[in-house]
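# Tertiary structure, described
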Amino acid sequence: MSSDPKNQLVDFLEKRAFDPVMRAKPDGRSETERKKLEHVQNATQSEIERYRGYDSAKEVVVNFRRDLDSSAAKKVHSELHQLNLPTVRDIREEFEKKVASLHVSA
């Protein structure tokens, strides 16, 4: 793992929230669920790229907190829960502990 706080935070988000979504398989799901899964995977890929593009750990933290309650995120979070997949809201406490351990202020 990188020693850079920004990369540590992005790696954490990828491992805990994004990777399970990206690895989810459509097998055994209804057509509606398959379409939902494709949508959330596309949205998650965009999120990964967005987080990787931030310049600092502070930007990652600020945008993570914004993403918890944005209207676009709420729709994706709802779909993720319907598919029994994790959301960033599910890992909020762990993320905040990671932020504190890295001494990142936002």
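### Remarks on the environment of Lys6
In this fold, Lys6 is placed in helix H1 (residues 5-23). Note on Lys6: relative accessible area 12%, which makes it buried. Considering only alpha carbons, one finds Lys6 and Val104, 98 residues apart in sequence, at a separation of 9.1 Å. Beyond its immediate stretch of four places on either side in the chain, Lys6 contacts Tyr51, Arg52, Tyr54, Asp55, Ser56, Ala57 and Val60.

### Some points on the environment of Ala106
Residue position: Ala106 is located in the segment after helix H5 (92-101). Overall, Ala106 belongs to the exposed group, its relative accessible area being 51%. Sequence separation of Ala106 and Glu94 is twelve residues, and the distance between their C-alpha atoms is 16 Å. If we ignore the near neighbours within four places in the chain, the residues touching Ala106 are Lys58, Val61, Val62 and Arg65.

### Concerning the layout of surface pockets
Of the pockets and cavities examined, the largest pocket occupies roughly 250 Å³. Lining the largest pocket are 17 residues, and of these Ala43, Glu47, Ala73, Val76 and His77 sit closest to its centre. Elements that contribute at least two residues to the lining of the largest pocket include exactly H1, helix H2 (31-53) and helix H4 (71-82). Looking at the lining of the largest pocket, its residues break down into ten nonpolar, four polar and three charged.

### Quick look at the pattern of salt bridges
A full pass over the atoms with the stated rule returns seven salt bridges. Salt-bridge contacts for Glu94 lead to Arg16; the nearest nitrogen and oxygen are separated by 2.6 Å. One end of the pair, Glu94, is in helix H5; the other, Arg16, is in helix H1, with 78 residues separating them in the sequence. For Asp67, the salt bridge goes to Arg50, with nearest N and O atoms at 2.4 Å.

### Re the nonpolar core
Counting residues in hydrophobic clusters, the biggest one holds 20 residues, and the most contacted among them are Leu9, Leu13, Tyr51, Val60 and Phe95. Counting residues per element, the ones that place at least two in this core are H1, H2, helix H3 (57-69) and H5. Not counting chain neighbours up to four residues away, the residues in contact with Tyr51 comprise Lys6, Val10, Leu13, Phe18, Val60, Asn63, Phe64 and Asp67. Of all hydrophobic cores here, the second largest spans eight residues; its members include Val21, Ala24, Val40 and Leu80.

About the cut-offs
- All chains use their own residue numbering, which begins from 1 and follows the written sequence.
- In keeping with the model being predicted, local features are shown solely for residues with a pLDDT of at least 70 and side-chain atom pairs are shown and tallied solely at 80 or more, while totals for entire chains, interfaces and linings include all residues.
- Side-chain descriptors were evaluated using all non-hydrogen atoms of the structure, hydrogens and water having been removed beforehand.
- By definition, any uninterrupted DSSP run of H or I lasting at least four residues is a helix, any uninterrupted run of E lasting at least two residues is a strand, and each is numbered from the N terminus.
- Relative accessibility thresholds used throughout: buried, under 20% of the residue-type maximum; exposed, over 50%; partly exposed, between the two (1.4 Å probe, protein chains only).
- Contacts between residues were defined by any pair of non-hydrogen atoms, one from each residue, lying within 4.5 Å.
- Definitions used for this entry: grid spacing 1 Å over protein atoms alone; cavity, a set of points where a 1.4 Å probe fits but cannot get out; pocket, an open set with protein on both sides within 12 Å along at least 5 of 7 lines; lining residue, one with an atom within 4 Å of a point.
- Grid points are joined across faces, edges and corners, and a volume is the space filled by probe spheres set on the points.
- Polar here means any residue outside two lists: the nonpolar Ala, Val, Leu, Ile, Met, Phe, Trp, Tyr, Cys and Pro, and the charged Asp, Glu, Lys and Arg; Gly therefore counts as polar.
- Between Lys or Arg on one side and Asp or Glu on the other, a salt bridge is scored when a side-chain nitrogen of the former is within 4 Å of a carboxyl oxygen of the latter.
- Residues belong to one nonpolar core when they are buried, are Ala, Val, Leu, Ile, Met, Phe, Trp, Tyr or Cys, and are joined through side-chain atoms within 4.5 Å.

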